[in-house]
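Secondary and tertiary structure notes
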Amino acid sequence: MDTAYFTFLEFFLESREVLDRVLRFAWPKTRAEILSMARGWNVPVDPFWEDPAREAER
């Protein structure tokens, strides 16, 4: 994983609201990297974050 992910995306892991918004628009590769970071930091992962197309199910 790139240092840029940690430098830029670390902020997003501090707020579920911000993380939710970021993952709504993230492209698949970026989403996968963010989710990997979230899991590594023991941030509970919302199932919607895995597949934003499921938003209507919320």
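Residues numbered from 1 in each chain as written. Predicted model: local features only at pLDDT ≥ 70, side-chain atom pairs only at ≥ 80, totals over all residues. Heavy atoms only, no water.

**Here we look at the overall build of the chain**
Broken down by element type, the chain carries four helices and zero strands. Put simply, the chain runs from its N terminus to its C terminus through helices and strands in the order α-α-α-α. When the 58 residues of the chain are sorted by exposure, 34% land in the buried category. In the chain, of all internal contacts separated by at least 6 residues, the share reaching a separation of at least 24 is 54%. Entry remark: accessible area of the chain is about 4100 Å², with carbon and sulfur atoms responsible for 56%. (Helix = DSSP H or I, 4+ residues; strand = E, 2+ residues; numbered from the N terminus. Buried < 20%, exposed > 50% of the residue type's maximum accessible area, 1.4 Å probe, protein only. Contact = heavy atoms within 4.5 Å. Areas by Shrake-Rupley, 256 points an atom, 1.4 Å probe, with all protein chains shown as cover.)

**Side note on the environment of V43**
Looking at the secondary structure, you find V43 in the loop between α3 (28-40) and α4 (47-50). Residue V43 is classed as buried on the basis of its relative accessible area, which comes to 15%. Between the C-alpha atoms of V43 and E14, which are 29 residues apart in sequence, the distance is 9.0 Å. Among residues more than four places away in sequence, those in contact with V43 are L13, R16, L19 and A38.

**Considering unusual backbone geometry**
In this model, N42 sits at a positive phi of 60 degrees, which is unusual for a non-glycine residue. Assignment of secondary structure puts N42 in the loop between α3 and α4.

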